[in-house]
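Architecture and fold: a report
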Amino acid sequence: MTVSPALRRGIRSCLADLDEITTLYVSQVRTLTGYVESVIAERDVHSTAFTTLGLMFRQLGGERLEDELRAHSRAIGRKRVRQGVPLESLLRAVRMDFRFIWQALNDRLPGEADRLSDDVVAIWEVVEAHTTSVQSGYMLELGQVKAELEQEQAFLLRRLLRGGVDDSQLHVQAAEALEIPLTGPYWVAVAHQDAAAGFAADVQDVFPAAVCLRLDGVEFAVIAGTSDVAGVVGSSGPSGPSGSSGSSGPFGSSSSGRSGSSGVLVQLALADLQVGVSQSAATLSSLSEMWQLASELAEFAVPGRAAVLAQHWPSLVVRRLGPVASSLAADALRDFALLPSSERDLLVEAVEVYMASGSASKAAGVLFCHRNTIMNRLAKFASVAGLDPTVPDDAATIKVVLAAARGAEVGRP
C-alpha cells in the first residue's frame, strides 16, 4: 500500500500519542449499551483498543499486518460474546474507529487535512476489514456458545428425564439452564412426529411462558403453573371457567384453585394441537414419568386433536401389559370369531356408544335404534365375552380388551 508523506507523518504522531487517543476512544465506547464497567473491566477495554488502534495505524503506515490484525479482530468478536456484549453495540464501537483515526490524523496535521483526502479509502478499507473480522469472530463464537448450551441442556434433560434421579442440585441446575421454575406443578406436551415443525409456535400461542425443548429429535414443552394460559385459564375467576360457583362439568370440578381443574384447563388449551399431554407433575423428580406419558400419548394424537390419558388409557394399558393384554383379549373374544363380522361390529358399536354415556337411551339416540335393541346387544355381548358393559369393573376391562383387539388388527399383515 502506497503511503503519502502526510499520512506517514500523521501516523508517527498518532503512534506517539496512542495512549491519549485510546483513552479518548474508551470514554466514548463506555457510553454504548453493553460496555458498562460492570460487564467489561476498564483494563480490558483500554488494552483491546490500544492494540487495535496501534495495529491499524501501523498497517496504514505500510507494515504488512493483515493476518495479525485479522486474528486480533476475530479474537475480539469471540471474547465479547462470552462477556455478553450485544453485537449491535460491538459493531457501533468498532465503526467508531474510522472517525477516531481520521480525527486523530487531522488533529496532528494542522492545515494539511486536504493532503489526506487521497488516503480516505485506504483508512476505510482497514477499518472495514477489521469490522468484518470482528463480526466473523462474534458469529463463530455465538455458534459455539449455542452448541455448548444445547449440549448442556441435552445433558441435563437426559438426567432429569431418565427417571430415578432425586438430586436437588440437579434440579436447581436444570431449572436454571432450561429456564423452568424450580417448583411445580408442571405439565408436559410432546409433539407428534408429523407436527414437530410448528410445535413451539403453536404451544406458545396458547402458553406464552411455556419452555419449548428438544431432545433426541423429539419436540416437547414444559408448562409450569397455569397463570399464563392464553384465553383459557386467563378467563377463569374464583367461580371457575364458566362463572358458576365451583360446579361440576364433564371434566369434574371447575374450581380454579385445584391442580386437577388446572390440568383440565391445560388439556383444553392444547386440545386442537397434535400433541400428547401429560397429567401434572408435582415436582421435578416426577417430571420424567410425565414426559414418558406424554411421549406415548403423542403417538395417538391426530391432526386437530390432542391425546390425553382420560381418552387413551386403554391403549396405554395394552402397550404396557404387552402379551398379557393380548391374552386377555384373546380369551374374552374367542367366541366372537364364531359370529358373522357384521354382527360383531354391531355389538361392539353398541357397547362402545353405551359406555361413553352409561345410558341405553342416549346410546339408542346416537345409533338411531330402539332402547331395547341396545339392551339386547349389550346382553348378547355379555353372553359371548363374559364381560357385562353395564358393570363398571367389566366395562373397564372391556375397554382394554377392545383396544388390544384393535391393536392386533392393525399389526396383522
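Residues numbered from 1 in each chain as written. Predicted model: local features only at pLDDT ≥ 70, side-chain atom pairs only at ≥ 80, totals over all residues. Heavy atoms only, no water.

1. Looking at the confidence of the model for the chain
- On average, residues of the chain score 84 in pLDDT, and 88% of them are at 70 or above.
- Per-element averaging of pLDDT across the chain places strand β4 (residues 248–249) at the bottom with 35 and strand β6 (residues 275–277) at the top with 95.
- Contacts from residues 230–260, a stretch scored under 50 in pLDDT, to residues over four places away or in other chains number 37 contacts. (pLDDT = per-residue confidence, 0-100. Helix = DSSP H or I, 4+ residues; strand = E, 2+ residues; numbered from the N terminus. Contact = heavy atoms within 4.5 Å.)

2. Re the packing of helix α3 (residues 42–60) against helix α5 (residues 87–107)
- At their nearest, the axes of α3 and α5 sit 12 Å apart, and the two run at 60 degrees to each other. In terms of their interaxial angle, α3 and α5 are classed as oblique. Relative to α5, α3 is oriented so that their crossing is right-handed. Only Asp97, Ile101, Ala104 and Leu105 of α5 make contact with α3, whose side of the interface consists of Thr52, Leu53, Met56, Phe57 and Leu60. (Axes fitted to C-alpha atoms, helices over the stretch in contact; angles between N-to-C directions. Parallel < 35°, antiparallel > 145°, perpendicular 65-115°, else oblique. Left-handed = near helix turned anticlockwise from the far one by under 90°.)

3. Some words on the sheet that holds strand β3 (residues 218–224)
- The five strands lie next to each other as β2-β3-β1-β6-β7, forming an open sheet whose pairing is mixed. With partners counted over all chains shown, the strands left at the sheet margins are β2 (211–215) and β7 (307–308), one partner each.
- Of the strand pairs in this sheet, β2 and β3 are connected by five bridges, and their pairing is antiparallel. Paired with valine 211 across the two strands is valine 222, which belongs to β3. (Pairing = 2+ DSSP bridges.)

4. A word on the packing of aromatic side chains
- Applying the stated criterion across every chain, the model contains five aromatic pairs.
- Consider the rings of phenylalanine 98 and tryptophan 124, whose centres lie 5.3 Å apart with planes at 75 degrees: the pair is edge-to-face. Of this pair, phenylalanine 98 sits in helix α5 while tryptophan 124 sits in helix α6 (residues 120–161), placing them 26 residues apart in sequence.
- Judged by relative accessible area, phenylalanine 98 falls into the buried class, the value being 18%.
- By relative accessible area, which is 43% here, tryptophan 124 ends up partly exposed.
- When the centroid spacing of 5.4 Å and the interplanar angle of 80 degrees are considered together, the rings of phenylalanine 336 and phenylalanine 381 count as edge-to-face. Of this pair, phenylalanine 336 sits in the loop between α12 (323–333) and α13 (341–357) while phenylalanine 381 sits in helix α15 (residues 371–385); the two residues are 45 residues apart in sequence, bridging distant segments of the chain.
- Residue phenylalanine 381 is classed as buried on the basis of its relative accessible area of 1%.
- One aromatic cluster is present, formed by Phe98, Trp102 and Trp124 through successive ring pairs. (Phe/Tyr/Trp six-rings, centres within 6.5 Å; stacked < 30°, edge-to-face > 60°. Buried < 20%, exposed > 50% of the residue type's maximum accessible area, 1.4 Å probe, protein only.)

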